[in-house]
Amino acid sequence: MTSHVKALLVHYLTATGAVFAMLAMLAAVGSNWDMMFLWLVIAFFVDGIDGPLARHYNVKDNASEYDGVLLDLIIDYLTYVFIPAYALFQSGLLDGWTGWVTIIIITFTSALYFADTRMKTKDNSFSGFPGCWNMFAVVVFATHPNFYIILALVIILAASMFTPLKFIHPVRTQRWRSISLPIAIIWTALAGVSAWTNFNAGPLITTALAITSVYLLTVGIVQQFLPAKDE
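Residues numbered from 1 in each chain as written. Predicted model: local features only at pLDDT ≥ 70, side-chain atom pairs only at ≥ 80, totals over all residues. Heavy atoms only, no water.

### Re the pattern of salt bridges
Should the charged atoms of two oppositely charged side chains come close, the side chains can pair. This structure, assessed with the given rule, holds 2 salt bridges. Residue D116 pairs with R118 through a salt bridge whose shortest N-O separation is 2.9 Å. Given the relative accessible area of 17%, D116 is considered buried. Here R118 falls in the exposed class, since its relative accessible area comes to 63%. (Salt bridge = Lys/Arg side-chain N within 4 Å of Asp/Glu carboxyl O. Buried < 20%, exposed > 50% of the residue type's maximum accessible area, 1.4 Å probe, protein only.)

### Brief notes about the packing of helix α2 (residues 33–56) against helix α8 (residues 177–196)
Following both chains from N to C, one finds α2 and α8 inclined at 160°, their axes separated by 8 Å at the closest point. Viewed along their axes, α2 and α8 adopt a mutual orientation that is roughly antiparallel. Our pair here, α2 against α8, has a crossing hand that is left-handed. On α8, the residues touching D34, F37, L38, V41 and F44 of α2 are W187, T188, A191, G192, A195 and W196. Split by residue class, the contact of α2 with α8 holds 8 nonpolar, 2 polar and 1 charged. (Axes fitted to C-alpha atoms, helices over the stretch in contact; angles between N-to-C directions. Helix = DSSP H or I, 4+ residues; strand = E, 2+ residues; numbered from the N terminus. Parallel < 35°, antiparallel > 145°, perpendicular 65-115°, else oblique. Left-handed = near helix turned anticlockwise from the far one by under 90°. Contact = heavy atoms within 4.5 Å. Nonpolar A, V, L, I, M, F, W, Y, C, P; charged D, E, K, R; others polar.)

### Section: the nonpolar core
In terms of nonpolar packing, the biggest core is built from 56 residues, with M36, F37, W133 and W187 touching the most fellow members. The set of elements that each furnish at least two residues to this core consists of α1 (3–29), α2, α4 (68–90), α5 (97–114), α6 (133–143), α7 (147–160), α8 and α9 (203–225). For this core, the element with the highest residue contribution is α6, accounting for 9 residues. Ignoring sequence-local partners within four residues, the contact set of W133 consists of Y80, V81, P84, I106, S110, V154, L157, A158 and M161. (Core = buried A, V, L, I, M, F, W, Y, C linked by side-chain atoms within 4.5 Å.)

### Some details on the packing of aromatic side chains
Evaluated as defined, the whole model comprises 14 aromatic pairs. Consider the rings of Y77 and F114, whose centres lie 5.8 Å apart with planes at 85°: the pair is edge-to-face. Of this pair, Y77 sits in helix α4 while F114 is found in helix α5, placing the two residues 37 residues apart along the sequence. When sorted by exposure, Y77 lands in the same class as F114, which is buried. Ring geometry for F89 against W100: centres 4.8 Å apart, planes inclined by 70°, an arrangement best described as edge-to-face. Within this pair, whereas F89 is found in helix α4, its partner W100 is found in helix α5, the two being separated by 11 residues in sequence. (Phe/Tyr/Trp six-rings, centres within 6.5 Å; stacked < 30°, edge-to-face > 60°.)

Following this line, the structure appears as structure tokens:
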């Protein structure tokens, strides 16, 4: 198998995210939230492995007819932003006007963030919250907070997109990766179990999901306050 074919296969793997996004959307339209999140978790897993594969097989040079970054961003907007926003609005977790405000904030700010050329930091983290509304929505569905709390969290996270606060990439951010990557894998498994059980996995799974979410959300900010010796 040539290097070109191997690189093309990585692009094709990335493109399967669009298929999973469609399957998630069809489930969401039918209010099958457990299946919707299962498809989103699968898409999240694919998104986690296609980047390292793309770098390993040097897709930028070996299959340059496709722009892997653009392909990834298109799919990420669907799976990270658009579908989770729809789910938050349509699920009944938000009351009245709060649902409308939430989806407007999420879709508008995320579109700007995804087009921002300054989103990546030198250590391959993200500058500002990277629009991982799929992860946010999983935790909301699992914990069922008050709708005003959901709205407040959406406003805070959306505002943080346009700040210099750092949010890690569990795979690409090297600092503390030996901890962050296993926690991200555990989070993915917990999210899958939560969705599989229609968000009735019990307090142990839900608590673990919340704790791992807080870690992934805040560890980059902690790193800013505890700079490495060579920074």
